[in-house]
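The chain contents come next:
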Amino acid sequence: MINKIKIFTVLSLIIAAVLSCNNNKTPETIGIIETADTKTDYSDKNNWMMIAENTNEREVDVFYLYPTTWARENTNENIICPIDYIPMRSGAKEMLLQHIGVFDETASVYAPFYRQADALYLVDKKNNISKEEQDKYFLSAPKDDVIAAFDYYIKNYNNGRPFILAGHSQGAIMIKEILKDYLKTNENLQNRMVAAYVLGYSVTQKELEENPHLRFANGEYDTGVIISYNTESPDFNGYNPTLLENSISINPITWTLDETLASKEQSIGANIASNYGNPTKIADAKVDKARGVVKCSTINPDDFYAGEKSVFEKGVYHAYDIALYYYDLKENVKKRVGAFWK
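Bear in mind that the values here come from a model prediction, so they are computed numbers and not experimental data.

Time to look at the environment of D144. Assignment of secondary structure puts D144 in helix α5 (residues 141–158). For the pair formed by D144 and E177, sequence separation is 33 residues and the distance between their alpha carbons is 9.8 Å. Aside from chain neighbours lying at most four places away, what touches D144 is K39 and R115.

See the structure below:
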């Protein structure tokens, strides 16, 4: 039995970011949001968290977007965080360190800062905010920023190289917008995309039907495809704020879409604090097609629950989507890049 496993992932860092917001709040930095006409300048390197150097050492690039790393102290403050808000940036850097190891042995990393919505408030069930209302915020300044950042990356840093898109949670929402909007109107880029890792937020059948230029993965070697899943316990059937109707998930151990169980022994391993930097086989995976998620039965939901104040109910493993299958993801990135060149 694993006793209260602590994994270095989204959850702990969101909490740290929230505490940081509370401790560092000043009138000049919190609650102030630029007007709708304000654009983030991505020619300013201060608005990039990472810009790859020595790109000849890697075959491809990865364009990475971090999950939510801030929350408001109270509802009188603006739902959108400014681009230069220090606690948000600090949390983003921490998330980069936790996630980018999946990609950086294979790809050169480009990671912009972007204005974020207070996702924890917007998706909290008790606030009863509709998906349409949520999108008014997610698809405003955050989307404007990531589209502008990706456009700048393509025109100034990419130099015609193949690329991977990667994001978790709010970052995954933003990666979807790049896929649906930017790639749709820039068809020449579609055959340069190795894969898009849209992790911790749903990709739906409807979205694929409405965007025929997009394809979902159906194996471990296909390229130009979307890889996505949300992770839950087998018995959970309640509210999951990252789950949309008719969503699709792929098994992150076997990279198949069927409901065959992949045992934890088949996994390459998780990345957990007690054995950080080394694979630890703790998680199995089974696709639940009806719900559109991946179910993990070999961990105890009590050990992965943040408590009653969390917007994620017990049995939702959102904070651990990447950590539970960290080394499976890492190997899969290598396989898809290899398949791309073949």
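On we go from here.
Our next topic: the pairing of strand β7 (residues 225–229). Each regular strand displays side chains that alternate between the two surfaces of the sheet. Across the five residues that make up β7, a large majority, five, are buried. As judged from the five bridges shared by strand β5 (residues 193–199) and β7, these two strands associate in the parallel manner. Its bridge partner lying in β7, L199 is registered against Y229.

Two orientations exist for strands paired in a sheet by backbone hydrogen bonds: parallel and antiparallel. Reading across the sheet, the three strands line up as β8-β11-β10 and stay open at both edges, with mixed pairing between neighbours. Only two strands of the sheet have a single partner each, and these edge strands are β8 (231–232) and β10 (286–288). Two strands pair when backbone bridges link them, and β8 and strand β11 (residues 293–295) are joined in this way by two bridges, in the parallel orientation. Bridge assignment links T231 to a residue of β11, and that residue is V294.

Space inside the second largest pocket adds up to approximately 370 Å³. Breaking the lining of the second largest pocket down by element, the ones donating at least two residues are α4 (131–138), α6 (170–185) and α7 (205–210). Looking at side-chain class alone, the lining of the second largest pocket contains four nonpolar, two polar and nine charged residues.

Turning our attention to the packing of α5 against α6. Direction vectors running N to C along α5 and α6 enclose 60°, while the axes themselves pass 9 Å from each other. One way to sum up the angle between α5 and α6 is to call them oblique. The handedness of the crossing between α5 and α6 is right-handed. The segment α5 lies against α6, with P142, K143, V146, I147, F150, D151, I154 and K155 engaging Q170, M174, E177, I178, D181, Y182 and L183. Among the residues forming the contact of α5 with α6, the class breakdown is nine nonpolar, one polar and five charged.

Moving on: the side chain of H318. Mapped onto the elements, H318 comes out in the loop between β11 and α8 (326–341). Here H318 falls in the buried class, since its relative accessible area comes to 3%. In this view, H318 contacts H168, S169, G200, T231, T242 and F312; residues no more than four positions away in its chain are not counted.

Procedures and definitions
- Residue numbers run consecutively from 1 along every chain, following the written order of its sequence.
- Restriction of local features to residues with pLDDT of at least 70 applies here, the model being predicted, together with a cutoff of 80 or more for giving and counting side-chain atom pairs; totals for whole chains, interfaces and linings are based on all residues.
- Hydrogens and water are ignored here; the side-chain numbers use all heavy atoms of the structure.
- Strands here are runs of E lasting at least two residues and helices are runs of H or I lasting at least four, both read from the DSSP assignment and numbered beginning at the N terminus.
- Contacts are assigned to residue pairs with any non-hydrogen atoms lying within 4.5 Å of each other.
- Residue exposure (1.4 Å probe, protein chains only): buried if accessible area is under 20% of the type maximum, exposed if over 50%, otherwise partly exposed.
- Should DSSP find at least two bridges between two strands, the strands are regarded as paired.
- A 1.4 Å probe that fits but cannot get out identifies a cavity on a 1 Å grid over protein atoms alone, an open set with protein on both sides within 12 Å along at least five of seven lines counts as a pocket, and a residue lines either if it has an atom within 4 Å of a point.
- Grid points are joined across faces, edges and corners, and a volume is the space filled by probe spheres set on the points.
- Classification used: nonpolar for Ala, Val, Leu, Ile, Met, Phe, Trp, Tyr, Cys and Pro, charged for Asp, Glu, Lys and Arg, polar for all others including Gly.
- Axes here refer to lines fitted to C-alpha atoms; in helices the fit is confined to the stretch in contact. Angles between the N-to-C directions go from 0 to 180 degrees.
- For classification purposes, an angle smaller than 35 degrees is called roughly parallel, one larger than 145 roughly antiparallel, one from 65 to 115 roughly perpendicular, and anything else oblique.
- Crossing handedness is read from the near helix: turned anticlockwise from the far helix by less than a right angle, it gives a left-handed crossing, and turned clockwise, a right-handed one.

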